[in-house]
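Descriptive structure summary
Below, each chain spelled out in residue letters.
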Amino acid sequence: MASSAFGFTSLLVVLLLLPQAFSSSAAASSENDISDSAAASSPPFVPSASFRSTLQSTLIQIKRVASLISRIPSAFGDRRLSAAITDCLELLDLSSDELSWTLSSSTSSPSSVPGGGIGDRRFDLRSWMSAALGNQDTCKEGLSGKFHASVIDDGLDTITSLISNSLREVAGASGGAGSRRLMGFPEWVSPADRRLLQVSSQPKSADAVVAQDGTGNYDTVSDAVAAAPDHSARRYVIYVKKGAYKENVEINKKKWNLMIIGDGVGQTVISGDRSYIGGWTTYRSATFAVMGSGFIARDLTIENTAGPENHQAVALRSNSDLSVYYRCEFTGYQDTVYAHSLRQFYRDCRISGTIDFVFGDAAAVFQNCELSARLPLPNQKNAFTAQGRRDPNQNTGFSFQFCNVTGEADLTNATPTYLGRPWKEYSRVVFMQSYLGPIIRPEGWLEWDQNFALDTLYYAEYMNYGPGSVLDNRVKWAGYHVLSDSAMAANFTVAQFIDGDLWLPATGVKYTAGLSA
């Protein structure tokens, strides 16, 4: 008790001595536009002087807030507080990177940023700034209930407000939905990577092999990741032989273009059991966390075995831009897949869980995936999604196409199960051309907290089928839409929702860029 009191008193003195020039300004709201992708023929974005000046000011604010947070006392055996502080410093560092990429790309060629982006300045900028906008919320959520200082909250809010103002300029310069359709692999997936994705056996060109029987270079996935080169311009492949690897893997932001290949779902299993009840933040509970750009995973299972009684327990957390998850399985209960930020694609994956088990604020497309609800604790409700878009100018949201949305064998209609609920004010989720099983409640969607976000969210359904797809008794919210126009639905295909040049790989089956094969 005495040590704790001394720590917080010391912090108060530090805060009083530091400049407190943080101010909050409300971000102006704009119409919730569903046409986020820029037209291929639209003129390039030309940033204004004030845009660049605001970014520079934001980077200064980030340093100040990080300095404040680094002074929060984290001892006294409070693991969650320590984790929250680590999370915040990591997230602010990511925001700094994303805004630095934005500033660099907006003033010169994109060659100085990871992979050079995708070559579409406006789309790159909007993606990076959308990610930077949400990082501060994750920081505040981790600190909530553990430590409170108004100067830190005000500082985080100021950063968010400044980013929101700049993002509005980028979004305002965007044209209508693009018409590019790129079948198969995106241009940033090299021919060698395509062969790696298509091969059905051990890759001959693996740079490192992980095996528990002594036949590899490493015994753990974490050791192999740590040995991988930083800022690699070429694909670095780690082959993980079949086995159960009980470890928490974190791929930091310096590990670019990393690829992890297993021996198949249920054969190569990476397993952890961190949870919120176990003393971790939701962000830090992930069994497998990846931040490095250009990450690809294939043929493995990632699980969190904490169980429903331990509440938030993440299997996968992805902050990785231009990341691909192919033929992977993610299992858990609450908060299984944390699609945190940036651009992501999931193909032929299986995801299982209970409450909000696909959540976050990435721009993510899930194609030909199976989503399976599990049996939660008594009196709990299941929600497949909890998307966290907080600003109408973000290009983020979840699109599910050609998916199988169902429930585990032990799940009955006694457990209310919904397609999603709005975590943040502009939550955006679309299910289209998917099978919706009988476990889906007739109203389809669930409120988060009474009327919160019901007018500002964007939830939509298009040409789904199955017993859970009947629309007669769906919610009547202003933000809910039944799409009948294929041109509207096309906004949420990979070719348009995630720029046509970002189409993700076909691996032995025909993949669709638009609404039909």
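Residue indices follow the written sequence of each chain, beginning from 1 at its first position. Local features are withheld for residues below a pLDDT of 70 in this predicted model, meaning they are given only at 70 or higher, and side-chain atom pairs are given and counted only at 80 or more; totals for whole chains, interfaces and linings count all residues. Hydrogen atoms and water are omitted, and side-chain values are computed over all heavy atoms in the structure.

- The name given to the chain in an unreviewed UniProt entry is Pectinesterase, with Zingiber officinale as the source organism.
- UniProt positions are given in the numbering used here, feature names are shortened, and annotations may be inferred rather than shown by experiment. One UniProt comment on the chain, placed under Pathway (unreviewed entry), says "Glycan metabolism; pectin degradation; 2-dehydro-3-deoxy-D-gluconate from pectin: step 1/5."

**Here we look at the packing of helix α4 (residues 121–143) against helix α5 (residues 150–172)**
- All axes are obtained by fitting lines to C-alpha atoms, using only the stretch in contact for helices, and the reported angles, taken between N-to-C directions, cover 0 to 180 degrees. To qualify as a helix, a DSSP run of H or I must reach at least 4 residues; to qualify as a strand, a run of E must reach at least 2; elements of each kind are numbered from the N terminus. Where α4 contacts α5, the two axes come as close as 9 Å, and the packing angle between them is 160 degrees. For the element pair α4 / α5, the angle class is roughly antiparallel. As α4 runs across α5, the sense of the crossing is left-handed. Residue-level contacts link R122, L125, R126, M129, S130, A132, L133, Q136, C139 and K140 of α4 to D153, L156, D157, I159, T160, I163, S164, S166, L167, V170 and A171 of α5.
- The classification used treats Ala, Val, Leu, Ile, Met, Phe, Trp, Tyr, Cys and Pro as nonpolar, Asp, Glu, Lys and Arg as charged, and all other residues, Gly among them, as polar. Tallied by class, residues from the contact of α4 with α5 come to eleven nonpolar, five polar and five charged. Note that the term roughly parallel is reserved for angles under 35 degrees, roughly antiparallel for angles over 145, roughly perpendicular for angles of 65 to 115, and oblique for everything else. Note: crossing handedness is left-handed where the near helix turns anticlockwise from the far helix by less than a right angle, and right-handed where it turns clockwise. Throughout, a contact is declared for two residues whenever any of their heavy atoms are within 4.5 Å.

**Observations regarding helix α2 (residues 49–70)**
- Here α2 is 22 residues long and its end C-alpha atoms lie 32 Å apart, about the 32 Å a rise of 1.5 Å per residue gives.
- Listed in full, the buried residues belonging to α2 are F51, L55, T58, L59, Q61, I62, V65, A66, L68 and I69. One less than the residue count of a helix, multiplied by 1.5 Å, gives the span that helix is expected to have. Buried residues are those whose accessible area, probed at 1.4 Å on protein chains only, stays under 20% of the maximum for their type, while exposed residues exceed 50% and partly exposed ones sit between those limits.

**Side note on the nonpolar core**
- To form a nonpolar core, buried Ala, Val, Leu, Ile, Met, Phe, Trp, Tyr and Cys residues must be joined to one another through side-chain atoms within 4.5 Å. Of all hydrophobic cores here, the largest spans 58 residues; its most connected members are I238, I260, F288, F330, Y346 and F366.
- With residues up to four places along the chain from it excluded, the contact list for I238 reads A208, V210, A224, V225, L258, M259, I260 and I261.
- Ranked by size, the runner-up nonpolar core spans 45 residues in total, among them I72, L103, A131 and L133.

**A look at the pairing of strand β15 (residues 363–367)**
- Within β15, five of the five residues are buried, leaving the element largely enclosed by the surrounding structure.
- The two faces of β15 match: A363, V365 and Q367 on one face and A364 and F366 on the other face are all buried.
- At least two bridges found by DSSP between two strands is the condition for calling them paired. Relative to β15, strand β12 (residues 343–347) runs parallel, the two being bridged by five bridges. Each bridged residue has a counterpart across the sheet, and for Q344 the counterpart in β15 is A364.
- Note: β15 against strand β19 (residues 397–401), five bridges, orientation parallel.

**Observations regarding the layout of surface pockets**
- Of the two site types, the cavity is a set of points on a 1 Å grid over the protein atoms alone where a 1.4 Å probe fits but cannot get out, and the pocket is an open set with protein on both sides within 12 Å along at least five of seven lines, each lined by residues with an atom within 4 Å of a point. Grid points are joined across faces, edges and corners, and a volume is the space filled by probe spheres set on the points. Here the largest pocket defines a volume of roughly 350 Å³.
- For the largest pocket, the lining is made up of 21 residues, of which E141, T282, Q312, D335 and W423 are closest to its centre.
- Elements supplying a minimum of two residues to the lining of the largest pocket: α3 (79–107) and α4.
- When residues in the lining of the largest pocket are grouped by element, the largest group, three residues, is from α4.
- In terms of residue class, the lining of the largest pocket is made up of seven nonpolar, seven polar and seven charged.

**What about the sheet that holds strand β9 (residues 316–318)?**
- An order of β4-β7-β9-β11-β14-β18 is seen for the six strands of this open sheet, with the pairing classed as parallel. Each having just a single partner strand, β4 (249–251) and β18 (385–387) make up the two edges of the open sheet. Strand-to-strand twist in this sheet, taken as the mean axis angle between neighbours without regard to direction, amounts to 10 degrees.
- The sheet contact formed by strand β14 (residues 358–360) and β18 spans three bridges and is parallel. Note that in β18 the partner of F359 across the bridge is A386.

**Quick look at empty space enclosed by the protein**
- As enumerated under the stated definition, the model contains two cavities of 30 Å³ or more in all.
- Roughly 120 Å³ of internal volume is contained in the largest cavity.
- Together, 16 residues line the largest cavity, and G134, T138, H340, D361 and G388 are the ones closest to its centre.
- Looking at side-chain class alone, the lining of the largest cavity contains three nonpolar, eight polar and five charged residues.

**Topic: the packing of aromatic side chains**
- Note on aromatic pairs: the rings of Phe, Tyr and Trp (six-membered ring only in Trp) are paired at centre separations within 6.5 Å, and the planes decide the class, stacked below 30 degrees, edge-to-face beyond 60, tilted for the rest. Scanning the entire structure with this criterion turns up 22 aromatic pairs.
- Ring plane angle 80 degrees and centroid distance 5.9 Å describe the contact between F366 and F398, whose orientation is recorded as edge-to-face. Taken together, the residues span a long stretch of sequence, with F366 in strand β15 and F398 in strand β19 at a distance of 32 residues. Exposure class is identical for F366 and F398. Each is buried.
- Distance and angle both matter: a charge sits over a ring if NZ of Lys or CZ of Arg is within 6 Å of the ring centre and within 35 degrees of the ring normal. Over the ring of Y283 we find R317; its NZ or CZ atom is 3.6 Å from the centre of that ring.
- When the ring centre of W448 is taken as reference, the NZ or CZ atom of R421 above it lies at 3.9 Å.

**A closer look at α4**
- The terminal C-alpha atoms of α4 lie 34 Å apart, and with 23 residues this matches the ideal 33 Å at 1.5 Å per residue to within 8%.
- Of all the 23 residues making up α4, 20 are buried; the element is thus mostly covered by neighbouring parts of the structure.

**Let's talk about the environment of V225**
- Position of V225 among the secondary structure elements: in helix α7 (residues 221–227).
- It is 9.8 Å that separates the C-alpha atoms of V225 and Y236, two residues lying eleven residues apart in sequence.
- In this structure V225 touches I238, V249, E250, I251, K255, L258 and I260, once residues within four positions along its chain are discounted.

**Describing the pairing of strand β2 (residues 236–240)**
- In terms of burial, β2 is largely enclosed, as five of its five residues are buried.
- Neither face of β2 is left uncovered, since the one carrying Y236, I238 and V240 and the one carrying V237 and Y239 both have all their residues buried.
- Across three bridges, strand β1 (residues 208–210) lies against β2 in parallel orientation. From the neighbouring strand, V209 faces β2, where its bridge partner is Y239.
- If you view a crossover with the strands going away from you and the path from the first strand over the helix to the second runs clockwise, you call it right-handed. Read as a crossover between parallel neighbours, the route from β1 over α7 to β2 is right-handed.
- Note that β2 and strand β5 (residues 258–261) share four bridges and pair parallel. Looking at β5, one finds that Y236 is bridged to L258.

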